Structures are given as C-alpha cells and as structure tokens.
Amino acid sequence: MSSDATPANPMTDEQRIARAVAVATSEIAVKLCAAAERRTGRPRLIPLAGVLAAYIFHATGEPHTMTTSGVCRSVKKLKPRQRAALGIPKRMQVRYKRMHSGWRAILRVVEHGVLVEHHHELKVDPDTGEALPCPEGCPFEQVGLDELTTMLIQASLPPEFDRPPAVAIDGTDIESHTRPHKKHVDAEGRAFWSADPDARWGHRTATDRRPTEHFLGYEAHLATYAPHGGSEPIPQVVAGLALRPGIRDRARACLNIVDALPPFTDLLVDRGYTTAKGNQLAGPLRDRGITVTMDLHKTQRVVRPGPEAGTVWVDGSLYSSALPETHRTLEAPTAGMSAAEKARRREAFDAREPYRFVPHAKRDTTRGTQRFRGPAVDGHPFKVRCPNTPASMRMPHTIPTTTCVPGEPCGCGKTITIHDSLLERDRQHHPWQSTRWALSFNRRTLVEGLIGANRYQRLSVNRGFFRQTGLVATALLMAVTLGGHNLVSLHAWHTRRGRPEPWQVHLGEPVDDRPLDKATRTRGRRRRPTD
C-alpha cells in the first residue's frame, strides 16, 4: 500500500504555533504589520503580528470556516503560555472586536497597496501632470494584491524546501456567501449584484457534484510545483495565488503569479489560459524565458499554410508539406480511455515527428526571431528520405520516405526564419498530444488534485467558508487558508515517509518520532442469506 495511505499524526499545538509565528514574522508579514500599525493613539491590546499568527494557526487546524469567530474559538482553547508564544499577551482576553479590529487594519493596508510611504512631498511635472521620480533613498514600497498573496503563501514554505523548476497553474470558482439579487448601480456608476460589491458572475463546468451553471463570486488562480517527468513525487503544496471577480483577466492573473514566484523555467496551463491573445500571455512568458506546455482549444487545433512554400502548421507545430494527409487531422485521446487506448492514439501523433521543423539555433532576442530547419537539411541527421535532398535518399528505409516530386518546392531541406509573433499563441516546445508532451502536461493534474483536496477532502472551500465581503478580504483569507494547507501538507508528507520535515529543520525542532497508525482497508460485510 502507498505511503500516502498511511494516516499522518496531526501537528501538536506547539508545532502549529511555531509555524504560524514563523510565517507571521516573515519579511512580507513584518512589512505588512508595520504598515498597518497606527502611529498615534494607544497601542493595540493584541499586536498585529499576533493577530496574523492567530489566523494562520486557525488555518492549520483544518477549520470548517475561515472566520474571525472561528479564529477566536481556536485561540481560546490554548493555554496562556501558548497564547503568549503565539504573540497574544498571557492575561489578555481574546475578544472578537479586538481580533477583527486588527484584521481590518491589515486589510486596509492591502487595499491601499503601499507598504512604506514616501518620506518627501510628491512633485508633479506642470506640463504633463505626471509625478516626478522620487529622490535617491526614498523608502517608498508598493505591492499589488496578487504579489502580496503569493509572497505570503511562499512564506509558508521554508528555505529548506527544494522548489522544483516547473509550475502548474489552474483556476477554481470561489462562490460568494452573499445572496445575489437584481442588478444595482452605486453612486460611482459601478454595477453590483449582491452585498459583496466586488463579486461578479462566472461560469463553471459540470462535475459529479453539480451541473454546468453560473455562480456569483470569484475565480482563484492557484499555482503548485510539479516535479520533473519520471522523478520522485513531491509534497502537494500551493506556490501562488491570484483572485479575480467572476471569470476575467486570466492572462494577467497568470503573469502576476509568475512574476511573484521565485525563478522557474517550465509552466503547465490548460485551455482556460491558452486562448488568450499571443501578446497577452505567450509572448510575455517567452520574454521571461519560460517554456510552456499547454493544452489546445479546438480553435487552435487546425491546419494552416506555413510561412513558406512547402511548409504547413498543424496543431501549433511547423511541418514539411510532405506530412501525409492521414497524419494531419487526428483524434486526441479522451479522459474515459484506458492507458493502452491513449498510448495507441499518441503513436499516431508521434508519427508526425519525422516531418517536424526543429530549432536550428537559439532565439535571437534582438531581432525577435528563431531559425528552424526541415527534416532533410543536408549536414544534419536526416529524419526523412526526400528526393529533393539526394544525400537523404542514401539513408536506410527505416526512416520515412516522402512523396515529394524532384524539382518541385518542398520544405524538407529548408532552413527558415520565424518571427516570434507568428502564431505565437499556439506554439510550444513539445508537439501537442505527442508522448513527450503528455509526459510533461500530465503533471498539471497535481494542481487539480490540490484544488480538490481543499474543496472536498481536507477542507471545504465552498460557499460559506469565507464570510467577509470584497476582493481584498477574500483574497487575504484565501492566502492564509492555503498557507495553513502548506504547513499541514509538509508535515504530513514528510512524517509519513520518515523524512526530516523542512520546517522542523528550519526551526530546530526535535524529530517527531511518534509512531504512525497502520494503513488499513475496511472489508465489505458479507450478505446474510435470506430466508
């Protein structure tokens, strides 16, 4: 039986407190709490770092709801010395008003988007009306919502956690707990449909739990790390988060997560992102040096004429026109097929490979172009036998022989230059539905499993889980919830395998040597014979 089937021992209160405090005292959290601290008036009875640590502590307990009242209940169960370790004074009574006041102060900073203010007066150019650059040494620091939520989630992953170079991103609906009503318009002319002013209508596809329907709320774009193909499994953790009202601005949400994450090289996305215009997603990702493995929408799976005579675009890849007609329009494997049936269909896609144009040189970043060579270019290993390249005809018959007519133009022996903007939305490193593409793209199921774990298994992040309104409040609660998920997942994954946990190493904790329960299966009861 898999080691994942063995139930892990839950973290002790001391372990939960130590990890919550570590996240609440991270660099981004310290800046956030410092910006939210008032400069005048009496000091807060509960420090903001203690408030943030209390929310994170509550998230590590696999709560039914992520609310301030739930946080208060979790903290009240602790002993005075444990509250003090969390950052709450020993003799301080934990009250809803005190806790929620601190949380609202943090939310105001996130809404403002400024961590450190200017230390000088802003000056404006009288001709253009634009603000002049700040003088040298100005401490001004600005942060966006997507960047902050991603950095807060990254703070839940210690430096000892080895971050793979591949990231998978997917979206899921976060339904608002408010009831929708008729469309109203506020004083500023903005439309809203419920007591949540930022919630918008979206569309979600059918699952085994609900039909295809519309919902009022947000779409959460989650990122997770994916291992190399064929390598050892890794913990299922969240890497980044971006929240959007309804279903909109997916390309920008994806890019914001990419920019906020530590450097990586591979990105896995589905059709919800790849249908964006090339200059909105594919181009910016290429400029960032990121290789994309993506699924194609039916509008992208077409045959188009190539950039030169004798070439043809098929499913986003460039081939010689010698590609047989039987190889051009193929049926992709479906979800209900067995592994053997999928492998047979992918063999047909792999049969295209000998006719494909491959990179001949590195991308020219100055010109924005790249050279590609055909399958029968003289001086390079031949992939096909083409009559227009006599040297290739001396190759054995184990490689395909084209039907090219001698003297007539074909793309087999050509080397062509392709501009970055040419069909950039559909192009990718591995040909779509090939075996190599499938091995890479199938890692994207990790982010789907992550979403399922937080929505239906470990937690129930569905309608009513968050009960605060507004984009900022929902995004920050979601970030804290996912940070708690990371803390729990890292501990469970490593202890099940008897490995040192990254947070345990980082905090210098003793080894958790509690014995694990055995993984068991419940046998079905035999039916008693009826009279």
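Below: a short report on this structure. (Residues numbered from 1 in each chain as written. Predicted model: local features only at pLDDT ≥ 70, side-chain atom pairs only at ≥ 80, totals over all residues. Heavy atoms only, no water.)

### A word on the nonpolar core
It is characteristic of soluble globular proteins that their nonpolar side chains tend to be buried jointly. Rules: Only buried residues count toward a nonpolar core. Its members are Ala, Val, Leu, Ile, Met, Phe, Trp, Tyr and Cys residues joined through side-chain atoms within 4.5 Å. Using a 1.4 Å probe on the protein chains alone, a residue whose accessible area is under 20% of its type maximum counts as buried, one over 50% counts as exposed, and one in between counts as partly exposed. For helices the rule is a DSSP run of H or I covering at least 4 residues; for strands it is a run of E covering at least 2, with both sets numbered from the N terminus onward.
One finds Tyr-55, Leu-86, Met-99, Trp-103, Ile-169, Leu-267 and Met-478 to be the most contacted residues of the largest nonpolar core, which totals 108 residues. For this core, the element with the most residues is helix α14 (residues 471-496), which contributes 13 residues. With 14 residues, the next largest nonpolar core counts Val-314, Val-384, Cys-404 and Cys-412 among its residues.

### Some details on the sheet that holds strand β15 (residues 369-373)
Put simply, the rule reads: A pair of strands is considered paired only if DSSP assigns at least 2 bridges between the two.
Taken in spatial order, the 3 strands line up as β14-β15-β16 in an open sheet, and their pairing is antiparallel. In the strand order of this sheet, the two ends are held by β14 (358-359) and β16 (415-419), each with one partner. Here 2 bridges tie β14 to β15, and the two strands are oriented antiparallel to one another. The residue bridging Pro-359 from the neighbouring strand is Phe-372, located in β15.

### Examining helix α1 (residues 13-24)
Using the following cut-off: The span you would expect from a helix comes to 1.5 Å times its residue count less one. Contact between two residues is taken to exist if any of their heavy atoms lie within 4.5 Å; hydrogens are not considered.
The terminal C-alpha atoms of α1, which comprises 12 residues, lie 16 Å apart, in line with the 16 Å expected from a rise of 1.5 Å per residue. On its buried face, α1 sits against α2 (27-36), α3 (48-59), α5 (80-86), α7 (145-154), α14 and α15 (502-507).

### Some details on the environment of Pro-375
With respect to the helices, strands and loops of the structure, Pro-375 is situated in the loop between β15 and β16. Sequence separation of Pro-375 and Gly-411 is 36 residues, and the distance between their C-alpha atoms is 8.3 Å. Contact partners of Pro-375, with chain neighbours within four places excluded, come to Ser-320, Pro-354, Tyr-355, Arg-356, Pro-381, Phe-382, Lys-383, Val-384, Gly-411 and Cys-412.

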